[in-house]
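Here are the chains, one letter per residue:
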Amino acid sequence: MKIGMIASHYPHALHREEFIARVHQVAEVFRGTPGCLSAECWLSDDAVISIVQWESDEAFAASLAAVQEADLDLAYDEREVRPREIVRIVAG
């Protein structure tokens, strides 16, 4: 069963380019893990959005662990104007 995740980040305008770069870095780590089918950065007027798809729950869990272990800036702090929204989805 395919698993997906949509994560929306709402950076202050001054930090938007930084967030785009951060999402691209995380996507690169995701894509490097077995079972990750795709990882992309999308933009809306106010959000930097990552959309990731995995082949299974196990691949999803392994990718998340790899991102947590990587030397990436994942902090939620004053650079964001509102809390992140993360939605996990499954293919029907």
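Residues numbered from 1 in each chain as written. Predicted model: local features only at pLDDT ≥ 70, side-chain atom pairs only at ≥ 80, totals over all residues. Heavy atoms only, no water.

1. Here's the deal with the sheet that holds strand 3 (residues 48-54)
So, point 1. Pairing in this open sheet of 4 strands is antiparallel, and the strands run 2-3-1-4 from one edge to the other. The open sheet has two free edges, formed respectively by strand 2 (36-43) and strand 4 (80-90), since each of these has just one partner strand. Direction aside, neighbouring strands of the sheet carry axes that sit 10° apart on average.
So, point 2. The pairing of strand 2 with strand 3 spans 7 bridges and is antiparallel. When the bridges of strand 3 are listed, Glu 40 appears paired with Ile 51.
So, point 3. Sitting on the sheet, helix 1 (residues 16-31) touches strand 1 (3-11), strand 2, strand 3 and strand 4, and the angle it makes with strand 2 is about 175°.
So, point 4. In the packing of helix 2 (residues 57-69) onto the sheet, the strands contacted are strand 1, strand 2, strand 3 and strand 4, and the crossing angle to strand 3 comes to about 135°. (Pairing = 2+ DSSP bridges. Helix = DSSP H or I, 4+ residues; strand = E, 2+ residues; numbered from the N terminus. Axes fitted to C-alpha atoms, helices over the stretch in contact; angles between N-to-C directions. Contact = heavy atoms within 4.5 Å.)

2. Brief notes about the side chain of Arg 22
So, point 1. Relative to the helices and strands, Arg 22 resides in helix 1.
So, point 2. Judged by its relative accessible area of 8%, Arg 22 is buried.
So, point 3. Each residue touching Arg 22, except ones within four places of it in the same chain, is listed here: Asp 73, Leu 74, Ala 75, Arg 79 and Arg 84. (Buried < 20%, exposed > 50% of the residue type's maximum accessible area, 1.4 Å probe, protein only.)

3. Considerations on the layout of surface pockets
So, point 1. Approximately 340 Å³ is the volume found for the largest pocket.
So, point 2. Along its surface, the largest pocket is lined by 17 residues, and His 9, Val 26, Val 67, Leu 74 and Arg 84 are the ones closest to its centre.
So, point 3. Elements that contribute at least two residues to the lining of the largest pocket include exactly strand 1, helix 1, helix 2 and strand 4.
So, point 4. With 6 residues, the top contributor of residues to the lining of the largest pocket is helix 1.
So, point 5. Considered class by class, the residues forming the lining of the largest pocket number 11 nonpolar, 3 polar and 3 charged. (1 Å grid on protein atoms, 1.4 Å probe; cavity = no way out; pocket = protein on both sides within 12 Å on 5 of 7 lines; lining within 4 Å. Points joined across faces, edges and corners; volume = space filled by probe spheres on them. Nonpolar A, V, L, I, M, F, W, Y, C, P; charged D, E, K, R; others polar.)

Nothing here speaks to function; it is geometry throughout.
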